[in-house]
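# Observations on the model geometry
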Amino acid sequence: MRDHHSPHREHGDSRDGFEKRHGRERGGRGPRVFAPGDLKLLLLALIAEQPCHGYDLIRQIETMFDGAYSPSPGVIYPTLTFLEESEMITGDAEGGKKRYAVTDVGRQSLSEQAVALDGVRMRIDVSKRSLRGHDRPPEIHEAVHNLRHALQMHHGRWSPEEILRVRDLLNDTAKAIVDGPAVQPAPEKAE
């Protein structure tokens, strides 16, 4: 990983620390489907809706993505183990397969993270469109990268005023994107 604070930048980096990125992310594997923590929260929510086996969870997530993405057992089962060790779920072996159910600790965690779970479901909808070929244009992808980079470069000492300023900038931008382009009235014809 490149140190963006180093005075020796790689050829092609701009002076402001923002870089032009080309190609696919993360070693050519394509876009990340889940943000850190999203899968844990999603699995916990699905298990809370109905106790089930790991394979059932894989199929439910695949259905959420309209078949465009299916998580591997190598991602699902370690996450289930983490949730079980955190006492958020229990796993009862029946017929050689574990059936998972949510615990009171898991329900409490879900209750505390309801807003985050809404964000996960929203990101799934965005990822689903992206995986089906409706990805962002490269210019938008680069701008999102630059935003992430700017946040990472922040010195980390957030004053209350700075928190509100950045929050408002990000929320206003998100709202403007969702609202779409402003509709301009058609010019009136002179007769």
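Rules used throughout
- For every chain, the first residue of its written sequence is number 1, and the numbers climb from 1 along that sequence.
- Selection of residues for local features in this predicted model requires a pLDDT of at least 70, selection of side-chain atom pairs for listing and counting requires 80 or more, and totals for whole chains, interfaces and linings are taken over all residues.
- With hydrogens and water set aside, each side-chain value is computed from the structure's full complement of heavy atoms.
- Starting at the N terminus, helices and strands are each numbered in turn, a helix being any DSSP run of H or I of at least four residues and a strand any DSSP run of E of at least two.
- Accessibility here uses a 1.4 Å probe with only protein chains present; expressed as a share of the type maximum, an area under 20% marks a residue as buried, one over 50% as exposed, and anything in between as partly exposed.
- The contact rule is simple, with two residues in contact once any of their heavy atoms fall within 4.5 Å.
- Each accessible area is a Shrake-Rupley result for a 1.4 Å probe, and residues are judged covered by the shown protein chains and nothing else.
- In the sections that follow, a salt bridge refers to a side-chain nitrogen of Lys or Arg positioned within 4 Å of a carboxyl oxygen of Asp or Glu.
- What is meant by a nonpolar core is a set of buried Ala, Val, Leu, Ile, Met, Phe, Trp, Tyr and Cys residues, joined one to another through side-chain atoms within 4.5 Å.
- Between N-to-C directions, angles cover 0 to 180 degrees, with each direction set by a line fitted to C-alpha atoms, over the stretch in contact for helices.
- Between 65 and 115 degrees an angle is taken as roughly perpendicular, under 35 as roughly parallel, over 145 as roughly antiparallel, and anywhere else as oblique.
- Strand pairing requires that DSSP identify at least two bridges connecting the strands.

So, about the overall build of the protein chain. The number of helices and strands found in the protein chain is 7 helices and 3 strands. Reading the secondary structure of the protein chain in the N-to-C direction produces α-β-α-α-β-β-α-α-α-α. Among the 191 residues that make up the protein chain, the fraction classed as buried is 28%. Sequence separation of 24 or more characterises 53% of the internal contacts of the protein chain that already satisfy a separation of 6 or more. About 13,800 Å² of surface is accessible on the protein chain, with carbon and sulfur atoms providing 54% of the total.

The subject of this paragraph is the pattern of salt bridges. In the structure shown here, the tally under the stated rule is 7 salt bridges. Its salt-bridge partner being Glu-84, residue Lys-98 comes within 2.9 Å of it at the nearest N-O pair. Linking Lys-98 in strand β3 (residues 97-102) with Glu-84 in helix α3 (residues 73-85), this pair joins segments that are 14 residues apart in sequence. According to the relative accessible area criterion, Lys-98 is partly exposed, its value standing at 36%.

Ranked by internal contacts, the top residues of the largest apolar core, which has 28 residues, are Phe-34, Leu-42, Leu-43, Ile-47, Ile-61, Phe-65 and Leu-80. Only α1 (38-49), α2 (54-64), α3, β3 and α5 (114-131) provide two or more residues apiece to this core. The greatest single-element share of this core, amounting to 8 residues, is contributed by α1. Discounting residues that sit within four places of it in the chain, Phe-34 has contacts with Leu-39, Leu-42, Ile-61, Phe-65, Tyr-69 and Ile-124.

Here α1 crosses α3 at 75 degrees, and the two axes come no closer than 10 Å. In terms of orientation, α1 and α3 fall into the roughly perpendicular class. Between α1, through Leu-39, Lys-40, Leu-43, Leu-44 and Ile-47, and α3, the contact on the second element is made entirely by Val-75, Ile-76, Thr-79, Leu-80, Phe-82 and Leu-83.

Across 6 bridges, the pairing between strand β2 (residues 89-94) and β3 is antiparallel. Looking at the pairing, Gly-91 lines up with Tyr-100 of β3. Counting the residues that bridge the hairpin from β2 to β3 gives 2 residues, and of these Gly-95 lies at a positive phi of roughly 65 degrees.

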